[in-house]
Amino acid sequence: MYFRSWEILERLSRDYKQPDIKLKQMVKKGELVKVVRGLYEDDRNASPHLLAGAIYGPSYISFEYALSRYGLIPERVETVTSATFRKGKNKLYDTPFGMFSYSDIPALAYPHEVTLEEENGRVFQVALPEKALCDTLYKERPVGSVKALRALMFEDLRIDADLFSQLDKDKLFSLAALYSKKNLQLLVRMREP
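Model, not experiment: these values are computed from the prediction. (Residues numbered from 1 in each chain as written. Predicted model: local features only at pLDDT ≥ 70, side-chain atom pairs only at ≥ 80, totals over all residues. Heavy atoms only, no water.)

S.K.: For the overall build of the chain, give the residues involved together with the corresponding values.
M.R.: When helices and strands are tallied, the chain shows 9 helices and 9 strands. On the principal axes, the C-alpha backbone points of the chain span a range of 65 × 30 × 25 Å. Taken across its 193 residues, the chain has 45% of its residues classed as buried. Intrachain contacts of the chain at a sequence separation of at least 6 include 59% that bridge at least 24 residues. (Helix = DSSP H or I, 4+ residues; strand = E, 2+ residues; numbered from the N terminus. Buried < 20%, exposed > 50% of the residue type's maximum accessible area, 1.4 Å probe, protein only. Contact = heavy atoms within 4.5 Å.)

This is the structure we're talking about:
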């Protein structure tokens, strides 16, 4: 379970005169792992995606990490990629649990088609497959035609064409309208691969 430093210090202050020193000792002994400034984890084997929302937020898991999770791309993605909004810049965190990347999407698109999942009693937010694809296409360089979009999706990103054909097209097209980007406009014009 992850904890904010203030939570730990508050709890430790009941039993210790110098809770900050006790916190440092707990980290040194391995009882807690410092994830980033102000965030600690008590399980060294915690899955990285369980920490993504706590490291930087508000955010939800999306882009390549979510596409890989759903099998839409063949690669296993090591960096946990997440979507944010109105942050104004991309963020990258290198932690003891791995790399975490955060990229903005339009605020209008942000709250749609995100679900809560549970793993080992812990809850995290992740984009549904259609949303992860739209987020990814938003982040990619703009292309000029449906043919170029197909090449981007099926050659460059290596989206599985069979799984793409199984996505909910109504959901995909209604999501695409929430982004102001050529790639998403072309997606609406595109049908099956």
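S.K.: I'd like a description of the pairing of strand β9 (residues 122-127), backed by residues and values.
M.R.: Sheet analysis places strand β8 (residues 114-119) next to β9, joined by 6 bridges and oriented antiparallel. Note on β9: the bridge partner recorded for Thr115 is Val126. Hairpin connection of β8 to β9: 2 residues between the antiparallel strands, including Asn120 at a positive phi of 55°. (Pairing = 2+ DSSP bridges.)

S.K.: So, the sheet that holds strand β2 (residues 33-36): which residues are in play, and what are the values?
M.R.: Pairing in this open sheet of 3 strands is antiparallel, and the strands run β1-β3-β2 from one edge to the other. Every other strand in the sheet has two partners, leaving β1 (2-4) and β2 as the edge strands with one partner each. When strand polarity is set aside, the average angle formed by the axes of neighbouring strands in this sheet is 35°. Across 3 bridges, β2 lies against strand β3 (residues 39-41) in antiparallel orientation. From the neighbouring strand, Val36 faces β3, where its bridge partner is Leu39. (Axes fitted to C-alpha atoms, helices over the stretch in contact; angles between N-to-C directions.)

S.K.: A description of unusual backbone geometry should follow, citing residues and the corresponding values.
M.R.: Cis peptide bonds are those with omega within 30 degrees of zero, and the linkage from Gly57 to Pro58 qualifies with 5°. Looking at where Pro58 falls in the secondary structure, it is placed in the loop between α3 (52-55) and β4 (60-61). In the Ramachandran plot, Arg86 falls in the positive-phi region, its phi being about 55° despite a non-glycine side chain. Arg86 sits in the exposed class, given a relative accessible area of 69%.

S.K.: Could you give me a rundown of the side chain of His49, with the residues and numbers involved?
M.R.: Its location among the elements puts His49 in the loop between β3 and α3. Within the structure, the side chain of His49 is placed 3.1 Å from the side chain of Tyr65, a separation counted as a polar contact. Excluding anything up to four places from it in sequence, His49 contacts Ile61, Tyr65, Arg69, Val80, Glu119 and Phe124. (Polar contact = N/O pair within 3.5 Å; in protein donor to acceptor, adjacent residues only side chain to side chain.)

S.K.: So, the packing of helix α5 (residues 129-139) against helix α9 (residues 182-189): which residues are in play, and what are the values?
M.R.: Relative orientation of the contacting elements α5 and α9 amounts to 130°, with a least axis distance of 7 Å. What the angle tells us is that α5 and α9 run oblique. On the side of α5, the interface is formed by Cys134, Leu137 and Tyr138, while α9 contributes Asn183, Leu184 and Leu187. Looking at the contact of α5 with α9 residue by residue, the classes come out as 5 nonpolar, 1 polar and no charged. (Parallel < 35°, antiparallel > 145°, perpendicular 65-115°, else oblique. Nonpolar A, V, L, I, M, F, W, Y, C, P; charged D, E, K, R; others polar.)

S.K.: Please set out α5 residue by residue, giving values where relevant.
M.R.: Burial runs high along α5: 9 of the 11 residues are buried. Taken together, the buried positions of α5 are Pro129, Glu130, Lys131, Ala132, Leu133, Cys134, Asp135, Thr136 and Leu137.

S.K.: Which residues make up the pattern of salt bridges, and what values do they have?
M.R.: For the coordinates displayed, the defined rule picks out 7 salt bridges. The partner of Arg69 in a salt bridge is Glu117, with the nearest N and O atoms 2.8 Å apart. Placement of the pair is Arg69 in helix α4 (residues 63-69) and Glu117 in strand β8, with a sequence separation of 48 residues. The class for Arg69 is partly exposed, based on a relative accessible area of 34%. The exposure class of Glu117 is partly exposed, given its relative accessible area of 24%. (Salt bridge = Lys/Arg side-chain N within 4 Å of Asp/Glu carboxyl O.)

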